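Spelled out from the first residue to the last, the chains are:
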Amino acid sequence: MAFDIILWLLSFGISMGLLSILFYQVICLSDLESDQLNAYETASKVNSVMIPEFVLQGALTAIFLLTWHWFMFLISVPVTYYNFKLYTSQKHLIDVTEIFRQLNTEKKYRFVKLGYYLILLVIVIIRLPAAARSFYMLSAHHPGIEGLDIRSSFLEF
């Protein structure tokens, strides 16, 4: 049970990191649209955070798989697979010469991902207090349970 609290706190941190990366990308693309940044600066800024976004999304999916949270895993798999397909086909980076032609498509793509990450964050925010409440109720009814002992909840199969 204590492992659930740590899992949801870690998921919250990763979700916030993913949201901040996506906000950064949307702001960079909006700055390009309003001529506050040039195409080279925008492409370099957006491309520099693509790999960390893919790694965080993959780590979040792996965490859900390893902790047997199947619903959250099934929600995370399509985006992780899409990111993997983009990376393997070398289409994950924004091309400086094509950026103005692809600007509306790239912004729509990021807004869809932003909505997905917001939904994921809401689910994580709902699950975090539920995990804390269930841990508190379990520890109140069983006085032998000590603080945050991860071994007892993680190794019970």
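This report concerns the structure included in the present document. What you see is a predicted model; the values in this text were computed from it and never measured.

About the cut-offs
- Residues numbered from 1 in each chain as written.
- Predicted model: local features only at pLDDT ≥ 70, side-chain atom pairs only at ≥ 80, totals over all residues.
- Heavy atoms only, no water.
- Phe/Tyr/Trp six-rings, centres within 6.5 Å; stacked < 30°, edge-to-face > 60°.
- Helix = DSSP H or I, 4+ residues; strand = E, 2+ residues; numbered from the N terminus.
- Core = buried A, V, L, I, M, F, W, Y, C linked by side-chain atoms within 4.5 Å.
- Buried < 20%, exposed > 50% of the residue type's maximum accessible area, 1.4 Å probe, protein only.
- Contact = heavy atoms within 4.5 Å.
- Expected span 1.5 Å × (residues − 1).

**With respect to the packing of aromatic side chains**
If you walk through the whole model with that rule in mind, you get four aromatic pairs. Taking the centre distance of 5.8 Å and the plane angle of 55° together, the rings of tyrosine 82 and tyrosine 109 count as tilted. Of the two residues, tyrosine 82 is situated in helix α4 (residues 70–88) and tyrosine 109 in helix α5 (residues 103–141); the sequence distance between them amounts to 27 residues. A centroid spacing of 5.1 Å and a plane angle of 55° characterise the contact between tyrosine 116 and tyrosine 117, whose relative ring orientation is tilted.

**A short note on the nonpolar core**
Counting residues in each nonpolar core, the largest one holds 20 residues, and the members touching the most others are Trp8, Leu60, Phe64, Met72, Tyr117 and Leu120. Listing elements by their share of this core, those giving two or more residues are α1 (2–33), α3 (50–66), α4 and α5. Residue contacts for leucine 60: discarding those within four places in its chain leaves Ser11, Ile14, Ser15, Leu18 and Leu120. If you look at the next biggest cluster of nonpolar residues, it comprises eleven residues, including Cys28, Leu29, Val46 and Ile99.

**Remarks on α3**
The end-to-end C-alpha distance of α3, which contains 17 residues, comes to 24 Å, matching closely the 24 Å that a straight helix rising 1.5 Å per residue would cover. Listing the buried residues of α3 in full gives Met50, Glu53, Phe54, Gln57, Leu60, Thr61, Ile63 and Phe64.

**Section: unusual backbone geometry**
Residues other than glycine seldom take positive phi values, yet aspartate 35 does so here, at roughly 60°. As for its position among the elements, aspartate 35 is in the loop between α1 and α2 (39–48). Given the relative accessible area of 65%, aspartate 35 is considered exposed. The phi torsion at tryptophan 68 lies on the positive side, around 60°, for a residue other than glycine. Along the chain, tryptophan 68 turns up in the loop between α3 and α4.

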